[in-house]
Amino acid sequence: MDKIIKSLSVSGSFRAFILDSTETVKKAQALHGTLSSSTVALGRTLIANQILAGNQKGDSKITVKVIGDSSFGHIISVADTKGHVKGYIQNRGVDIKKTASGEVLVGPFMGNGHFVTITDYGTGKPYTSTTPLISGEIGEDFAYYLTESEQIPSAVGLNVLLDENDKVKVAGGFMVQALPGASEEEIARYEERLQAMPAISSLLASDNPSQALLDAIYGDEAYKCLSEDSLSFSCDCSKERFRSALVSLPVSDLEDMITEDQGAEIVCQFCQIAYQFSVEDLEEIINDKA
Ligand SMILES: [Zn+2]
């Protein structure tokens with residue numbers, strides 16, 4: 001089962017989130033049938049959203065939109081503070097690797113654009129924040145967002161490793177933040193260690209990725225694990241929810257669905273479940289509107 005571990009240095013000046021998101025990204029790939037580059041891009045977005053949701057207190061929803069102008073199109077993800085995340089990528093078919101190393105390419109296919117977050121505390125006034133994409137690799141774009149928009153110096157790593165058949169093998173990430181009160185010496189030590197840190201892909205490939213990430217972040221500094229919570233890909237759609245969407249359509253559109261299509265099928269963008277509405281369902285909706 002996927003998890004997010006929240007940890008704090010014993011000095012209280014640094015904190016780190018460590019995520020195992022393997023099952024989350026496996027499920028996303030299975031539901032959406034994404035090819036290699038699309039899988040990694042969608043996976044990184046889901047992990048970034050899991051980190052942002054882990055950063056929230058109380059009951060809220062966080063939407064992440066990575067909006068690029070290249071092949072991927074938009075990547076949209078929504079997470080809640082109970083460990084659920086869902087998401088999709090507009091173009092699931094991007095499949096580009098370097099010939100020599102087999103490395104999956106992401107950045108060039110995101111292009112220029114924006115990293116957008118929408119935080120909804122349930123008050124009806126969602127809070128939106130936008131920063132430009134720096135590289136399109138999503139991890140760097142997310143770190144820039146955290147530092148610029150939330151004004152907290154942050155280091156982030158997130159990645160998805162694929163097996164020889166381009167299926168998700170392991171996915172995960174981390175976020176390290178300096179808290180107010182961190183001394184300059186301490187900041188310098190963490191910076192040095194983060195710069196010397198092995199690539200996230202090699203840490204994720206180790207036998208115990210969560211421990212490898214903690215070791216790489218804290219080195220021999222003392223830290224404590226504050227909590228460990230489960231994470232999963234989970235969609236909250238339902239036929240009732242899509243019925244509400246149909247209720248908001250003009251009667252003439254609903255009548256067209258009855259006469260031209262003898263019903264309607266709505267596919268959830270986030271999980272690909274198809275909901276069928278029969279002629280009787282549609283007639284009932286028209287009656288409800290009247
Ligand atoms: Zn759904």
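The name an unreviewed UniProt entry assigns to the protein is 33 kDa chaperonin, from the organism Streptococcus didelphis. According to the UniProt record, the Sequence similarities (unreviewed entry) comment for the protein is "Belongs to the HSP33 family." The UniProt entry for the protein carries the following comment under Subcellular location (unreviewed entry): "Cytoplasm".

Asks: Honestly, the pairing of strand β9 (residues 168–178) in this entry has me stumped. Any pointers?
Replies: Consecutive side chains along a regular strand alternate between the two faces of the sheet. With respect to burial, β9 is a largely interior element, nine of its eleven residues being buried. One ladder, built from seven bridges, connects strand β2 (residues 14–20) with β9; its direction is antiparallel. Directly across from Arg-15, in β9, lies its bridge partner Gln-177. Of the strand pairs in this sheet, strand β8 (residues 154–162) and β9 are connected by nine bridges, and their pairing is antiparallel.

Asks: Would you mind showing me how to read the packing of helix α8 (residues 239–247) against helix α10 (residues 279–289) here?
Replies: Packed helix pairs are characterised by how far apart their axes lie and by the angle those axes make with each other. The contact between α8 and α10 brings their axes to 10 Å, and the two run at 55°. As far as their axial angle goes, α10 and α8 are oblique. Our pair here, α8 against α10, has a crossing hand that is right-handed. Contacts between α8 and α10 involve Arg-243, Leu-246 and Val-247 on the former and, on the latter, Ile-285, Asp-288 and Lys-289.

Asks: Just to check I follow, could you spell out the sheet that holds β9 for this structure?
Replies: Within a sheet, adjacent strands bond to each other through the backbone by hydrogen bonds, running parallel or antiparallel. Read across the open sheet, the ten strands follow the order β7-β6-β3-β4-β5-β10-β1-β2-β9-β8; overall the sheet is mixed. Sheet topology places β7 (127–132) and β8 at the edges, where each strand pairs with a single neighbour. Shown here is a sheet whose adjacent strand axes are inclined to one another by a mean of 15°, direction ignored. Judged from the eight bridges that link them, strand β1 (residues 2–9) and strand β10 (residues 223–233) form a sheet pairing that is antiparallel. Pairing of Ser-7 across the sheet is with Cys-225, part of β10. In the packing of helix α7 (residues 209–218) onto the sheet, contacts are made with β1, β2, β9 and β10, and the angle to β2 comes to roughly 160°.

Asks: So what exactly am I meant to see when it comes to the nonpolar core here?
Replies: Across soluble globular proteins, nonpolar side chains show a tendency to be buried alongside one another. If you look at the biggest cluster of nonpolar residues, it comprises 62 residues, and the most contacted ones within it are Ala-41 and Phe-174. Not counting residues within four places of it along the chain, the set of residues in contact with Phe-174 comprises Ala-16, Phe-17, Ile-18, Leu-19, Gly-157, Leu-213 and Ile-217. Judged by nonpolar contacts, the second largest core, of five residues, contains Leu-246, Ala-264, Phe-277 and Leu-282.

Asks: How should unusual backbone geometry be read in this particular structure?
Replies: Trans peptide bonds make up most of the peptide bonds, and negative phi angles are found at most residues other than glycine. The backbone of Asp-166 sits at a positive phi, close to 65°, despite the residue not being glycine. Mapping Asp-166 onto the fold places it in the loop between β8 and β9. The class for Asp-166 is partly exposed, based on 17 C-beta atoms found within 10 Å. Backbone geometry places Gln-272, a non-glycine residue, at a positive phi of 70°.

Asks: What exactly am I supposed to notice about the environment of Leu-19 here?
Replies: Mapping Leu-19 onto the fold places it in strand β2. Taking C-alpha positions, Leu-19 is 5.8 Å from Lys-3, a pair spaced 16 residues apart along the chain. Leave out the neighbours within four places in its chain, and Leu-19 touches Ile-4, Ile-47, Gln-50, Ile-51, Gly-172, Gly-173, Phe-174 and Leu-231.

Asks: Help me understand helix α2 (residues 36–54), please; the structure alone is not making it clear to me.
Replies: Each full turn of the α-helix corresponds to 3.6 residues, which orients residues three or four apart in the same direction. With 19 residues, α2 should cover 27 Å at 1.5 Å per step; its first-to-last C-alpha distance of 27 Å lies within 8% of that length. α2 sits mainly inside the fold: 19 of its 19 residues count as buried.

Asks: Sorry if this is basic, but what is going on with the environment of Ser-21 here?
Replies: By secondary structure assignment, the location of Ser-21 is in the loop between β2 and α1 (22–32). Taking the number of C-beta atoms within 10 Å as the measure of exposure, Ser-21 has 31 and is therefore buried. C-alpha separation for the pair Ser-21 and Glu-192, spaced 171 residues apart in sequence, amounts to 27 Å. Sequence-distant contacts of Ser-21, defined by excluding residues within four places in its chain, comprise Asp-2, Leu-46, Ile-47, Gln-50, Ala-171, Gly-172, Gly-173 and Leu-231.

The rules behind the values
Residues numbered from 1 in each chain as written. Predicted model: local features only at pLDDT ≥ 70, side-chain atom pairs only at ≥ 80, totals over all residues. UniProt positions renumbered as here; feature names shortened; annotations may be inferred. Buried ≥ 20, exposed ≤ 12 C-beta atoms within 10 Å, placed from the backbone. Helix = DSSP H or I, 4+ residues; strand = E, 2+ residues; numbered from the N terminus. Pairing = 2+ DSSP bridges. Axes fitted to C-alpha atoms, helices over the stretch in contact; angles between N-to-C directions. Parallel < 35°, antiparallel > 145°, perpendicular 65-115°, else oblique. Left-handed = near helix turned anticlockwise from the far one by under 90°. Contact = placed C-beta atoms within 7 Å. Core = buried A, V, L, I, M, F, W, Y, C linked by C-beta atoms within 7 Å. Expected span 1.5 Å × (residues − 1).

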